[in-house]
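One letter stands for each residue in the lines below.
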Amino acid sequence: MGWADVLIGSAIIAVAFNVFFLPNEIAAGGVSGISTILNGLFRWEPAYVQWALNIPLFLAGVVVLGVRFGVKTLVGTLFLPFAVYLTRDWGPWTDNPLLAAVFGGIGVGLGLGIVFRGNASTGGTDLAAQILAKYTGLSLGNCVALIDGLIVLTAALVFNIEKGLLALIGLYITSKTIDAVQVGFSRSKMAIIITDKAEAVKEKILHNLDRGLTILKAYGGFTEEERNILLVVFDQTEFTNLKQMVKTVDTSAFVVVLDASEVLGKGFKTV
């Protein structure tokens, strides 16, 4: 599905850009954001701008970072502007800027998540961030935030403050949608159970909840006594049962419950 992921994801990004972001002048980071700004200033065709930026950035990435991006990334770099060009007359689907920011962010995030799932990239400012990170010593995350932040700031100056704020909303929703596509909407939880009656709690979980668990050796920070900590992963629908089981055995047990974004293995998602 790798090649299909790149093409389908790029097509979804292009449609979301043309029907939501571009007609409402929302420059939510990346090369597409730059093309939105230049379209607003000079009426330059966004697809041409994206080609003009993506191709040199890809070549610079190969020279500076080495040949590690792969053919699929090159395909995404070239195909995304082509898809933007093909769908340039589709928009707008809404004249409400807030709706455009929300659904544009969902669309772009969905497309990028699919591309990333295919182990590829659409190039653009992601490559610029990697180059910047290499020469500045900043973390990659900080470099991405810096570049996208400058693009959003420029949009606020070129258009208006409101458009800049909407771009931030679109950028945030894009990042969250990418996470959702890559790891899914988590229905799993992980519980860390600290109790003086670990053996009795373990038996309840094994036989009543029918879940496996892991026993961790630990020392109390205050008492400095050795104790067992139980680590168990379960479906969120089992949360109430787990709490009641622990409570019936040890009312003073300390339980921490966390989201498990992706669980692979028996009883959950197949590896």
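Residues numbered from 1 in each chain as written. Predicted model: local features only at pLDDT ≥ 70, side-chain atom pairs only at ≥ 80, totals over all residues. Heavy atoms only, no water.

As recorded in an unreviewed UniProt entry, the protein chain goes by DUF2179 domain-containing protein and comes from Caldibacillus debilis GB1. Its UniProt record gives the protein chain the following Subcellular location (unreviewed entry) comment, quoted word for word: "Cell membrane". (UniProt positions renumbered as here; feature names shortened; annotations may be inferred.)

## Some points on the pattern of salt bridges
This structure, assessed with the given rule, holds five salt bridges. When the shortest N-O distance is used, the salt bridge between lysine 189 and aspartate 259 registers 2.4 Å. Residue lysine 189 is located in strand β1 (residues 188-194), and its partner aspartate 259 is located in strand β4 (residues 254-260); the two are separated by 70 residues in the primary sequence. Assessed through its relative accessible area of 56%, aspartate 259 is described here as exposed. Among the ionic pairs, arginine 227 bridges to aspartate 196, the shortest N-O distance being 3.5 Å. Taken together, the residues arginine 227 in strand β3 (residues 226-235) and aspartate 196 in the loop between β1 and α9 (198-209) connect sequence positions 31 residues apart. Arginine 227 gets classed as partly exposed once you look at its relative accessible area, which sits at 22%. (Salt bridge = Lys/Arg side-chain N within 4 Å of Asp/Glu carboxyl O. Helix = DSSP H or I, 4+ residues; strand = E, 2+ residues; numbered from the N terminus. Buried < 20%, exposed > 50% of the residue type's maximum accessible area, 1.4 Å probe, protein only.)

## Remarks on the packing of aromatic side chains
Counted under the stated rule, the structure contains seven aromatic pairs. Their ring planes at 50° and their centres at 6.2 Å tell us that phenylalanine 79 and phenylalanine 82 sit as a pair that is tilted. Here the residue phenylalanine 79 and the residue phenylalanine 82 both occupy positions in helix α4 (residues 70-86), the gap between them amounting to three residues, near one helical turn. Take phenylalanine 79: its relative accessible area is 23%, and that puts it in the partly exposed class. (Phe/Tyr/Trp six-rings, centres within 6.5 Å; stacked < 30°, edge-to-face > 60°.)

## What about the UniProt feature "transmembrane region" (unreviewed entry) in the protein chain?
When the UniProt feature table is mapped onto this chain numbering, "transmembrane region" (unreviewed entry) sits at residues 57-86, 98-118 and 138-159. For residues 98-118, the helix share is 95%, the strand share is 0%, and the end-to-end C-alpha distance is 30 Å.

## Brief notes about the packing of α9 against helix α10 (residues 239-249)
Between α9 and α10, whose axes approach to 9 Å, the crossing angle comes to 145°. Of the two elements, α9 crosses α10, and the hand of that crossing is right-handed. Note on element contacts: α10 touches α9 through Asn241, Leu242, Met245, Val246, Thr248 and Val249, opposite Ala200, Val201, Lys204, Ile205, Asn208 and Leu209. For the contact of α9 with α10, a count of residues per class yields eight nonpolar, three polar and one charged. (Axes fitted to C-alpha atoms, helices over the stretch in contact; angles between N-to-C directions. Left-handed = near helix turned anticlockwise from the far one by under 90°. Contact = heavy atoms within 4.5 Å. Nonpolar A, V, L, I, M, F, W, Y, C, P; charged D, E, K, R; others polar.)

## Structural notes on the environment of glycine 123
Relative to the assigned elements, glycine 123 resides in the loop between α5 (97-117) and α6 (125-136). Taking the relative accessible area as the measure of exposure, glycine 123 reaches 5% and is therefore buried. Dropping the residues within four chain positions of it, glycine 123 is found in contact with Asn54, Thr73 and Thr77.

## Some thoughts on the nonpolar core
Of all hydrophobic cores here, the largest spans 23 residues; its most connected members are Phe21, Ile26, Val84 and Val108. Within the residue set of this core, elements represented by two or more residues are α1 (2-21), α4, α5 and α8 (161-183). Considering every element that reaches this core, the biggest residue donor is α1, with eight residues. Residues within four places of isoleucine 26 in sequence aside, it is in contact with Phe21, Thr36, Pro97, Ala100, Ala101, Leu166 and Ala167. Counting 14 residues, the second-largest nonpolar core is a separate cluster that includes Val201, Leu209, Leu242 and Val246. (Core = buried A, V, L, I, M, F, W, Y, C linked by side-chain atoms within 4.5 Å.)

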